[in-house]
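# Survey of secondary and tertiary structure
Residue strings, one per chain:
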Amino acid sequence: MKLRSLALAAAVTATSFGGALVAPTAHAQAKEQFFPVLVYRTGAYAPNGVPWANGFVDYLKLTNARGGVNGVKISFEECETGYATDRGVECYERLKGKNGGATMFQPLSTGITFALTEKAPNDKIPLITSGYGRSESQDGGVFKWNFPLAGTYWVAADVIVQDIAKKLGGAANLKGKKIALVYHDSPFGKEAIPMMQERAAMHGFQLSLLPVTHPGVEQKATWLQIRRDRPDYVVNWGWGVMNSTLLKEAQATGYPREKIYGVWWAGAEPDVKDVGMGAKGYNAVTMQHGAEPNAAVVKEIADKVHAKGQGTGPKEELGQVLYMRGLMSAMFAVEGVRAAQERFGKGKVMNGEQVRWGLENLNLTQAKLDGLGFKGVMRPLSTSCQDHMGANWARVHTWDGGKWQFSSDWYQADEQILKPMVKAAADRYAAEKKLTRRTPQDCQS
């Protein structure tokens with residue numbers, strides 16, 4: 001297990017951050033908020049995992065450079081999962097009680113999320129799964145400790161179908177069309193299926209399900225089937241090397257890239273850079289943000305972190321898609337702590353239960369987002385006891401051969417479809433686990 005601790009960088013961080021990022025001492029533990037950071041900087045998914053991790057850690061460093069959360073500085077420690085569920089659980093067990101206790105966990109894997117969903121309620125540690133994990137965990141009435149902030153896979157699938165329908169001139173024109181879902185054969189990939197099936201039943205399009213085995217480099221049989229069936233659109237639910245492989249196969253097969261849509265984990269620079277112009281026209285749904293090199297928060301990180309030699313990764317990746325996602329994910333966690341302090345005491349270290357309350361009472365208004373440097377990057381987000389997602393907005397961006405460009409207006413997932421699906425799936429989970437829905441009194445706790 002590879003552990004990356006701030007202790008390794010104490011010599012340099014102490015100068016720029018007043019010692020706030022050094023490994024906590026017994027005395028410092030009472031004054032620092034501990035963030036465990038589950039990452040995968042090694043293995044088949046490292047090209048995508050690394051920029052997310054760099055963005056996440058850079059935002060923690062920026063938070064300390066800003067003075068912490070009402071004066072409370074952040075300490076953190078990385079733990080390498082390799083995107084493996086068993087290693088993710090091991091990281092969780094090793095870090096959950098360190099340095100006074102974990103503030104929250106962000107598993108960065110749907111498989112790890114499934115495993116930790118069983119553990120978090122007993123340990124009273126919230127899970128933030130921004131843009132991944134269990135789609136039904138939006139329902140806070142059942143999933144008290146899960147927070148799929150800003151979007152789920154069902155939101156992504158719904159928005160993809162909406163954009164296809166718009167290009168066809170309306171949802172009525174989906175009838176009789178063929179859509180192939182090429183998905184990573186894992187809990188992550190399978191999350192897309194229920195919403196795609198729901199939309200297919202509604203609109204009368206033919207859905208074919210084409211699983212691809214981890215890590216996704218073998219897709220010959222898949223593309224032979226696509227060449228035979230000639231679907232009108234292909235939806236790529238891929239991750240890591242699976243995405244570039246899919247685009248190369250589409251190019252070799254002659255399938256038009258403008259007819260391919262990726263989930264937001266299949267729409268970043270590492271997915272297309274090796275294909276270049278061969279991926280031109282490829283679309284992907286975004287989790288609100290895209291590539292944001294001109295965002296105020298990116299410029300602030302460049303000035304307050306990278307310019308002082310404290311950058312976690314190369315400066316060239318600042319503002320790239322996955323870097324921004326890591327940065328946003330860290331911001332959600334920091335603001336959860338800030339919201340908790342509003343109730344339980346400004347300038348105090350918050351425990352997992354208190355941070356859970358903060359995450360359930362987030363109110364990221366446009367003014368707050370602008371103040372944090374996220375103007376133009378994302379829309380407001382507001383959670384509640386029943387809604388642990390807080391926002392269901394997304395856009396589509398398209399690769400022009402050299403960079404990602406937004407190619408759609410804002411979409412909002414259809415709540416008339418989404419809410420019944422979420423409740424039904426959450427009710428099934430509650431019945432399976434013998435859980436009861438939270439009471440109004442519990443929602444105030």
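Residues numbered from 1 in each chain as written. Predicted model: local features only at pLDDT ≥ 70, side-chain atom pairs only at ≥ 80, totals over all residues. Heavy atoms only, no water.

Here we take up the overall build of the protein chain. For the protein chain, the helix and strand inventory stands at 18 helices and 15 strands. Computed over C-alpha atoms, the radius of gyration of the protein chain comes to 21 Å, within 12% of the 22 Å expected from 2.2 N^0.38 for 445 residues, which places it in the range of a compact globule. Along the first, second and third principal axes, the C-alpha atoms of the protein chain reach 65 × 50 × 40 Å. Of all 445 residues assigned to the protein chain, the portion counted as buried reaches 58%. Of the contacts made within the protein chain by residues no fewer than 6 positions apart, 71% connect residues no fewer than 24 positions apart. Carbon and sulfur atoms provide 51% of the accessible area of the protein chain, an area that totals close to 16,400 Å². Put simply, the protein chain has 53 plus and 43 minus side-chain charges, and the middle of one group is 2 Å from the middle of the other. (Helix = DSSP H or I, 4+ residues; strand = E, 2+ residues; numbered from the N terminus. Rg over C-alpha atoms; globule rule 2.2 N^0.38 Å. Buried < 20%, exposed > 50% of the residue type's maximum accessible area, 1.4 Å probe, protein only. Contact = heavy atoms within 4.5 Å. Areas by Shrake-Rupley, 256 points an atom, 1.4 Å probe, with all protein chains shown as cover. Lys, Arg positive; Asp, Glu negative; His and termini not counted. Charge placed at Lys NZ, Arg CZ, Asp CG, Glu CD.)

With that settled, consider the nonpolar core. Ranked by size, the top nonpolar core spans 119 residues in total, and within it Tyr-59, Trp-237, Trp-265, Val-297 and Phe-374 carry the most contacts. Not counting residues up to four positions away in its chain, the partners in contact with Tyr-59 are Arg-66, Val-297, Leu-327, Ala-330, Met-331, Val-334, Leu-372 and Phe-374. (Core = buried A, V, L, I, M, F, W, Y, C linked by side-chain atoms within 4.5 Å.)

Looking at the element boundaries, Glu-269 is found in helix H12 (residues 269-272). Arg-325 is the oppositely charged side chain nearest to the buried, salt-bridge-free Glu-269, at an N-O distance of 8.5 Å. Apart from residues no more than four positions distant in its own chain, Glu-269 is found in contact with Ala-291, Gln-320, Val-321, Leu-322 and Trp-404. (Salt bridge = Lys/Arg side-chain N within 4 Å of Asp/Glu carboxyl O.)

Inspection of every chain in the model, using the stated rule, returns 26 salt bridges. Taking the shortest distance from any N to any O, the salt bridge between Lys-346 and Glu-342 comes out at 3.6 Å. You can call Glu-342 exposed: its relative accessible area is 53%. The salt bridge partner of Glu-360 is Arg-438, with a shortest N-O separation of 2.7 Å.

To continue, consider the state of the cysteines. On inspection of all chains with the given rule, the structure shows two disulfides. Disulfide partner of Cys-79: Cys-91, at an S-S distance of 2.1 Å. Handedness here is read from the sign of the S-S torsion; for Cys-79 and Cys-91, about -80 degrees, the answer is left-handed. Taken together, the residues span a long stretch of sequence, with Cys-79 in strand E3 (residues 73-80) and Cys-91 in helix H4 (residues 85-95) at a distance of twelve residues. For the pair Cys-79 and Cys-91, one class covers both residues: buried. Sulfur-sulfur distance for the disulfide between Cys-385 and Cys-443 comes to 1.9 Å. One disulfide, between Cys-385 and Cys-443, carries an S-S torsion of -55 degrees and so falls in the left-handed class. With a gap of 58 residues between them, Cys-385 in the loop between strand E12 (381-382) and strand E13 (393-399) and Cys-443 in helix H18 (residues 440-443) connect regions that are remote in the sequence. Listing the disulfide partners of the protein chain by sequence rank of the bonded cysteines yields 1-2, 3-4. (Disulfide = S-S within 2.5 Å.)

This next bit is on the packing of aromatic side chains. Tallied over the full model, the rule gives 16 aromatic pairs. Measuring from centroid to centroid gives 5.1 Å for Tyr-40 and Tyr-83, while their planes differ by 70 degrees, and the two rings are edge-to-face. Remark: Tyr-83 occurs in the loop between E3 and H4 and Tyr-40 occurs in the loop between strand E2 (32-39) and helix H3 (46-65); sequence separation between them is 43 residues. Both residues of the pair, Tyr-40 and Tyr-83, count as buried. Between Tyr-233 and Tyr-261, the ring centres sit 6.3 Å apart and the planes meet at 55 degrees, which makes this aromatic pair tilted. Of this pair, Tyr-233 sits in strand E8 (residues 233-237) while Tyr-261 sits in strand E9 (residues 260-262), placing them 28 residues apart in sequence. With relative accessibility at 0%, the residue Tyr-261 sits in the buried group. Clustering of aromatic rings is evident, with ring pairs tying together Tyr-40, Tyr-45, Tyr-83, Tyr-132, Trp-239 and Trp-265. Over the ring of Phe-114 we find Arg-134; its NZ or CZ atom is 4.2 Å from the centre of that ring. Above the plane of the ring of Trp-410 lies Arg-379, whose end atom (NZ or CZ) is 5.1 Å from the centre. (Phe/Tyr/Trp six-rings, centres within 6.5 Å; stacked < 30°, edge-to-face > 60°. Lys NZ or Arg CZ within 6 Å of the ring centre and 35° of its normal.)

Should pLDDT be low for a region, the predicted coordinates there are not to be read in detail. Averaged over every residue, the pLDDT of the protein chain is 93; residues scoring 70 or more account for 93%. Counting contacts from residues 1-29, a segment whose pLDDT is below 50, to residues more than four positions away or on other chains yields 56 contacts. (pLDDT = per-residue confidence, 0-100.)

This part takes up unusual backbone geometry. Note that the residue after His-214, namely Pro-215, is joined by a cis bond; omega there is -5 degrees. With respect to the helices and strands, the residue Pro-215 is situated in the loop between strand E7 (206-212) and helix H10 (220-229). For Leu-108, which is not a glycine, the phi torsion comes out positive at approximately 55 degrees. Among the secondary structure elements, Leu-108 is positioned in the loop between H4 and helix H5 (110-117). Despite not being glycine, Gln-288 has its phi angle at roughly 70 degrees, a positive value. Residue position: Gln-288 is located in the loop between strand E10 (283-286) and helix H13 (296-304). Residue classification places Gln-288 among the buried positions, given a relative accessible area of 0%.

Relative to the assigned elements, Lys-98 resides in the loop between H4 and H5. Along the primary structure Lys-98 and Ala-296 are separated by 198 residues, whereas in three dimensions their C-alpha atoms are 33 Å apart. Excluding anything up to four places from it in sequence, Lys-98 contacts Phe-34 and Glu-77.

This part takes up the environment of Arg-66. Looking at where Arg-66 falls in the secondary structure, it is placed in the loop between H3 and E3. Take Arg-66: its relative accessible area is 29%, and that puts it in the partly exposed class. Taking C-alpha positions, Arg-66 is 50 Å from His-203, a pair spaced 137 residues apart along the chain. Other than its neighbours up to four places away in sequence, Arg-66 contacts Tyr-59, Val-297, Glu-300, Lys-304 and Leu-372. Side chain to side chain, Arg-66 and Tyr-59 meet in a polar contact 3.2 Å long. (Polar contact = N/O pair within 3.5 Å; in protein donor to acceptor, adjacent residues only side chain to side chain.)

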